[in-house]
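# Coordinate analysis (summary)
The residues making up each chain are set out below.
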Amino acid sequence: MFAYIVRRLLFAFPILLGVNFITFALFFMVNTPDDMARAQLGAKQTTPELIASWKVEHGYDKPLFINADKGGIKTITETLFVQESLKLFTFDFGQSDSGRQITADIYERMWPSLAIALPTFIIGLVTSISLALLIVLFRGTPLDTATMMIAVGIMSVSGLFYIIAGQVLFSKTWHWVPISGYAEGWEGVKFLILPVLIGVFSGIGSGVRWYRSIFLEEMNKDYIRTARAKGLSERQVLFGHVLQNGMLPILTGVVVVIPTLFMGSLIMESFFGIPGLGSYTIDAINAQDFGIVKAMVFIGSVLYIIGLVLTDISYTLFDPRVKLS
Amino acid sequence: MKQSCRMQSHRINRPAVKRFLSLVAINAALLISLAVEANWNSPYPTEKVAEETLFSAFSTPPKHLDPVVSYSSNEWAILSQVYEPPLQYHYLKRPYTLEPLTLSKMPELIFLDKDFQKVTESSPDIAYSQYLFTLKPNIKFHTHPAFVQNKEGEWTYHKMSQTAFEDIDSIADFELKASRTLLASDYVYAIKRMALRQNHSPILDSMMDYIEGLKQYSDKVTKGYQQHLGNSKGTVKTTFYDLNKFDIKGVEVIDSTHYSITIKGRYPQFMYWLSMNFFSPIAWEVDAFYKQPGLVEKNLTLDTSPVGTGPYQLVENNPNKRLRLLANPDYRIERYPSSGLPQEADASLLEDAGKPLPFIKEVIYSLEKESVPLWNKFLQGYYDASGVSSDSFDQAVNVSNTGSMSLTAEMTEKGIQFLNMVEPSVMYFGFNMADPVVGGYSDKQRKLRQAISIAVNYEEYVSIFLNGRGVVAHGPVPPGIPGYVSGKPGLNSVIFDWVEGQPIRKSLLVAKQLLTEAGYPDGRMSDGKPLTLYYDTASTGADSQSVLNWYRKQFAKLGIELVIRATDYNRFQDKVRGAKVQMFSWGWNADYPDPENFLFLLFGGNATIHTDGAGINSSNYDNPEFNALFLEMKTMENGPKRQGITQKMIKILQEDSPWIWGYYPKSLALYHHWLHNVWPNPLANNTVKYRRIDAEARQKLQAEWNQPVLWPFGIVIALILLSIYPLIRAYRKRQHRVFSQPTPKEQD
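Residues numbered from 1 in each chain as written. Chains lettered and ligands numbered in written order. Predicted model: local features only at pLDDT ≥ 70, side-chain atom pairs only at ≥ 80, totals over all residues.

### Some thoughts on the overall build of chain A
Broken down by element type, chain A carries 14 helices and zero strands. The order of α-helices and β-strands along chain A, N terminus first, is α-α-α-α-α-α-α-α-α-α-α-α-α-α. Taking 325 residues into account, the globule formula puts the C-alpha radius of gyration at 20 Å, and chain A, at 25 Å, lies well above it. Residues counted as buried form 38% of the 325 residues belonging to chain A. (Helix = DSSP H or I, 4+ residues; strand = E, 2+ residues; numbered from the N terminus. Rg over C-alpha atoms; globule rule 2.2 N^0.38 Å. Buried ≥ 20, exposed ≤ 12 C-beta atoms within 10 Å, placed from the backbone.)

### What to know about the overall build of chain B
A tally of helices and strands in chain B yields 23 helices and 25 strands. Taken along the three principal axes of its C-alpha coordinates, chain B extends 115 × 90 × 60 Å. Going through the 748 residues of chain B one by one, you find that 40% of them count as buried. Contacts spanning at least 24 positions in sequence make up 71% of the contacts within chain B whose residues lie at least 6 apart. (Contact = placed C-beta atoms within 7 Å.)

### Structural notes on the sheet that holds strand 11 (residues 362-367) of chain B
Residue and element names in this part refer to chain B. A sheet is described by the order of its strands in space; here four strands give the open sequence 1-11-10-9, paired in mixed fashion. What marks the edges here is a single partner per strand, and that holds for strand 1 (53-58) and strand 9 (312-318). Each strand of the sheet is rotated relative to its neighbour by a mean of 15°, with strand direction disregarded. Where strand 9 meets strand 10 (residues 322-327), six bridges bridge the pair, whose relative direction is antiparallel. For Asn318, the partnering residue across the bridge sits in strand 10 and is Arg322. Each of strand 1, strand 9 and strand 10 touches helix 3 (residues 73-82); the most contacted strand, strand 9, lies at about 140° to it. (Pairing = 2+ DSSP bridges. Axes fitted to C-alpha atoms, helices over the stretch in contact; angles between N-to-C directions.)

### Some points on the sheet that holds strand 4 (residues 108-112) of chain B
Residue and element names in this part refer to chain B. Strand order in the open sheet formed by five strands is 5-4-6-8-7, and the pairing between neighbours is antiparallel. The open sheet has two edge strands, strand 5 (118-119) and strand 7 (251-255), and neither has a second partner. Bridge count between strand 4 and strand 6 (residues 128-134): five bridges; the pairing is antiparallel. The partner of Leu112 across the bridge, within strand 6, is Tyr128. Helix 4 (residues 184-195) rests against strand 7 and strand 8 (258-264) of the sheet, and its axis sits at about 170° to strand 7.

### Focus on helix 13 (residues 443-455) of chain B
Three or four residues apart is the spacing at which side chains of an α-helix point the same way, because the helix has 3.6 residues per turn. Residues and elements named next belong to chain B. Spanning 13 residues, helix 13 covers 18 Å between terminal C-alpha atoms, matching the ideal 18 Å at 1.5 Å per step. Buried residues dominate helix 13, accounting for ten of its 13 residues. All of the buried residues along helix 13 are Gln445, Lys447, Leu448, Arg449, Gln450, Ala451, Ile452, Ser453, Ile454 and Ala455. In this structure, the buried residues of helix 13 make contact with strand 16 (425-431), strand 19 (502-505), helix 15 (508-517), helix 16 (545-556) and strand 23 (659-671). (Expected span 1.5 Å × (residues − 1).)

### Examining the interface of chain B and chain A
Contacts between the two partners involve 51 residues from chain B and, on the opposite side, 49 residues from chain A. Taken together, the elements giving at least two residues each to the side of chain B that touches chain A come down to helix 1 (2-36), helix 5 (204-208), strand 11, helix 10 (371-379), helix 17 (569-577), helix 22 (711-738) and helix 23 (744-747) of chain B. For the side of chain B that touches chain A, the element with the highest residue contribution is helix 22 of chain B, accounting for six residues.

### What about the pairing of strand 7 of chain B?
All names here are of chain B. Pairing of strand 7 with strand 8, which is carried by four bridges, proceeds in the antiparallel orientation. What sits directly across from Val253, in strand 8, is Tyr259. Count of turn residues in the strand 7/strand 8 antiparallel hairpin: two residues.

### A closer look at the domain arrangement of chain A
Interfaces are frequently sized by the accessible area removed from exposure as the parts join. All names here are of chain A. For chain A, the domain assignment lists domain 1 (2-89) and domain 2 (106-318). If you average the C-alpha positions of domain 1 and of domain 2, the two centres end up 36 Å apart. Listed as interface residues are 15 residues of domain 1 and, on the opposing side, twelve residues of domain 2. The set of elements that each furnish at least two residues to the side of domain 1 that touches domain 2 consists of helix 1 (2-30), helix 2 (33-41) and helix 5 (80-89). Sorting elements by how many residues they give to the side of domain 1 that touches domain 2 places helix 1 first, with nine residues. (Domains from an automatic or database assignment.)

### Topic: the nonpolar core
Grouped together as the largest cluster of nonpolar side chains are 121 residues, with contacts concentrated most on B:Ala195 and B:Ala451. Residue contributions to this core peak at eight residues, all from helix 4 of chain B. Beyond its immediate chain neighbours, meaning those up to four positions away, B:Ala451 contacts B:Ala511, B:Leu514, B:Leu515, B:Ala518 and B:Leu558. A:Leu88, A:Val196, A:Ile204 and A:Ala284 belong to the second largest nonpolar core, which has 64 residues in total. (Core = buried A, V, L, I, M, F, W, Y, C linked by C-beta atoms within 7 Å.)

### Description of helix 15 of chain B
Residue and element names in this part refer to chain B. For helix 15, the set of buried residues is Ala511, Lys512, Leu514 and Leu515. Axial view of helix 15: buried residues confined to an arc of 160°, hence all on one face. Considering only its buried residues, helix 15 is in contact with helix 13. At the exit of helix 15 stands Gly519, carrying a positive phi of roughly 100°. (Arc of directions from axis to C-beta.)

### What to know about the packing of helix 8 (residues 159-173) of chain A against helix 9 (residues 189-219) of chain A
Residue and element names in this part refer to chain A. Where helix 8 contacts helix 9, the two axes come as close as 10 Å, and the packing angle between them is 140°. By the angle class used here, helix 8 and helix 9 are oblique. At the point where helix 8 passes helix 9, the crossing takes the right-handed sense. Where helix 8 approaches helix 9, its residues Gly159, Tyr162, Ile163, Gly166, Phe170 and Ser171 are matched on the opposing element by Leu194, Ile198, Phe201 and Ser202. For the contact of helix 8 with helix 9, the class distribution of residues is six nonpolar, four polar and no charged. (Parallel < 35°, antiparallel > 145°, perpendicular 65-115°, else oblique. Left-handed = near helix turned anticlockwise from the far one by under 90°. Nonpolar A, V, L, I, M, F, W, Y, C, P; charged D, E, K, R; others polar.)

### With respect to unusual backbone geometry
Residues and elements named next belong to chain B. Each neighbour pair has its own omega, and for Arg94 with Pro95 the value is -5°, a cis peptide bond. Take Pro95: it is sitting in the loop between strand 2 (87-89) and strand 3 (98-100). Here the residue pair Leu357 and Pro358 is connected by a cis peptide bond, since its omega of -5° sits within 30 degrees of zero. The backbone of Glu500 shows a phi angle near 50°, a positive value even though the residue is not glycine. Since 5 C-beta atoms lie within 10 Å of it, Glu500 is described here as exposed.

### Some points on the environment of B:His676
Residues and elements named next belong to chain B. Looking at where His676 falls in the secondary structure, it is placed in strand 24 (residues 675-676). Take His676: there are 16 C-beta atoms within 10 Å of it, and that puts it in the partly exposed class. Counting along the chain gives 572 residues from His676 to Ser104, while the straight-line C-alpha distance between them is 28 Å. Discounting chain neighbours no more than four positions away, the residues touching His676 are Arg691, Arg692 and Asp694.

### Let's talk about the environment of B:Asn606
Residues and elements named next belong to chain B. Note on placement: Asn606 falls in the loop between helix 18 (596-599) and helix 19 (624-634). In sequence terms Asn606 and Asn617 are eleven residues apart; their C-alpha atoms lie 5.1 Å from each other. If we ignore the near neighbours within four places in the chain, the residues touching Asn606 are Phe600, Thr611, Gly615, Ile616 and Asn617.

### Section: the environment of B:Ile724
All names here are of chain B. Within the secondary structure layout, Ile724 lies in helix 22. The exposure class of Ile724 is partly exposed, given the 15 C-beta atoms found within 10 Å. Remark: the alpha-carbon pair of Ile724 and Glu704, spanning 20 residues in sequence, is separated by 37 Å.

### Things to note about the packing of helix 13 of chain B against helix 15 of chain B
All names here are of chain B. Helix 15 packs onto helix 13 with a crossing angle of 160° between their chain directions and a minimal axis gap of 8 Å. On the basis of the axis angle, helix 13 is roughly antiparallel to helix 15. Between helix 13 and helix 15 lies a crossing whose hand is left-handed. Of helix 15, the residues touching helix 13 (which contributes Lys447, Leu448, Gln450, Ala451, Ile454 and Ala455) are Leu508, Val510, Ala511, Leu514, Leu515 and Glu517.

### Digging into the confidence of the model for chain B
On average, residues of chain B carry a pLDDT of 90, and 93% of them reach 70 or more. In the predicted structure, residues 1-12 of chain B sits below a pLDDT of 50 and forms 14 contacts with residues beyond four places in sequence or in another chain. (pLDDT = per-residue confidence, 0-100.)

So, in structure tokens, the structure goes:
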């Protein structure tokens, strides 16, 4: 397995280099360094001299991919792409274009994102799986039909509706929890209840339908019939056999998202005033802050690769037939 | 077999049900215990609500809090509470009036000839204007670790080792703090920082034209710092450079409380700049302290953690969550104004006259990116004041047939008050005067613009798109700024007639006649094809479509086809700078209350085509007569003569119509009645110190408005309990059936 992981991580380098190349190319196709300088310096009193000095300080005076003024290897190395990309591979994210330390900002923002994403993920997963098992238990009954209809209904409504309706109902009308805000420690629990509840609820429709289909497939397999023939109760069949064997396809979709949980949720964090990473990238794109954009795209790619490796590893834990080599 | 299964299911479910019921009981107990506490939905600790704390919100996090860099209103809203430039605007007086802030009196102005010899104000030999500043005594900087010295006089925290920063996450984590008296040299040091090109001060290039010797100083220190950076292999953020090694010729420290600034020629508007944060004092010790890499790594810099002499200290700066200001305990005695209140204003604004400032002990700004939560929290009493977004406008405000605004019954019941004010800004629709069709100064070209100006009905625009929150403009200078004339004398007679005491837009017939005289009868060119004009905009969203369609309809009234060229903001700016647009919309907010600050938007010397895109005159208007008058009025003091010239300039502009004058936006602010001394002053940013909170009234009403409603909880619990029994029964039945025959449906 070790050799497999090392090989996968080595494969990651060209992938990340490619991701960087695309990020640099796309960003500078839309924004010029002059535009970026103006976005940072403001519209008033922005002179050419001011723009020039800003570009020099931030390294945007260098050519993007090819430095025709230099000879030899410097044609490639004395470029924005190579100099900034290399720093990313050492996890030196440097400063945002507005002057803040990106690493410090990410560290500060990841905890609120995790505070909302982790409980939403765990409670959502447990609830969806439990409900799916319950429905599988009552498969073919009116309860099954009704639940599936409700699930489709939940899926069909925009998440934004649940957020606004939740805020109006639980905060504005019934005064149970704050509409928005955030605090550290136990003080913060009251701020997290509603977003977590809404996050779980809005994801329950698709989750239940998906897990139900997985479990139903397992239910029709021979080993389930054998288990029943042995006299096991439905509970034992469901939890002892169906759930365990259904975990493999569930893991495919679930483990890969675990590392990216701390990247946060844009809409949820914006509406609930959670100071997380959810809007960090989109705000940076709007502000034309390339320092943050390149760092976040790189981190996102790294986490996705880690998620895929973890998924592979998790297969071996749940299915002894799978060997990583 | 059946029996054993049934028994098994009993064994499984009874404890489960018991566990569930006990959980419900615990939750209910928890709920009842919580019910005893007030306001479950309060986002703040109870003790903060009970204190004189102002709760406010921000939607755009401040990027820069370094006073020589910051130039945005959202940043100045914070910064102006912390720093103190030499002058400020009187809080109540209208027209806007400057007064000393840290000075003991207004700056003395003397005039000098080219040999720096004193001359009279009326002398033709004036080459320089010199401002002399006298500071109030014993003004203290906020306490800060940068000022801490040991017994030997060495700076305790200026050269810390990297490991010493491990336990430091904020300035509050430093064990020792000290302060020192404000010196004249701190004001001079701020100008020196502005001159350092690497600090990217947005006003450096403008000030170089005025402050004597600033350019030479800037060139010298910028080059010197660049070399220093090269030698030390450091970065701008982490490399301190002693700017006091050199002096600016026109900026002189006379003694600890006196300094002077020498301006080239006359520039009366310089006084307004002195009320801006660019000219706030910076202690060199603070600058040196913040250049330590260990602090920079933790985002503790002069750009994030300002240190000034103002009524408030910034004690928390998390731009993604909260900014927190605490009243400066060492603030000098400054008092609430005792006079200057306009007659039409509420007399209660003088109830606190003469009392020491600031009243509010703490200000908490929370990030609210979305308008819905912000509005709802304001209605719950958790924000003390709020703007009115278009979503909540109808809920908050009634607009009468005459356009006057009043609060709705819901707002009045809550005791909410509102302020309605015309901002010193103008939003205009510009013609590119360098364009061969809509531009130019011939009679025909002028008439085309006049015809379009009549057709584009901004009264309708203000009513439809702004809910009445705007005043239709008759010229570039907004109300409240010298040069603005209301009523009939200020009427734009090219577009409006004065009928029964109010301006009435000329009829479309007049516009069509002008269009015919311009050579486009019924909006058609000489070849019979419809005249097609192009409007460039950066408004590409779905929300903008209705506005763009409205513009099309306005032009269609004259038979002109309007083509919308929508693009992203970067490209739009490029096109405007390159004069590659025909028509566009833009706006301008006043930097200072002077007509020069608006009329320079149309001065030929500022045209983008004459300045390689750097000029502010995006319409490229260049009328020699207007230009000559502008240069004459620019250096004049306000007075009847200047007013006369300004009126003449505005008449020229109205005739030439380089802009459709658009509108002056109105801002609408709501606030709870427990917030006192609220008075609109858009040019003064340091107004928090004047506000007062009745915390007791706020706490009482917050509790009254936010009592938890418990009956839905009971219903939810009952529904859960009621659904358990059928589920258990169904499960038992199912368990029983599993061992019998599968249903035909299952077999499918």
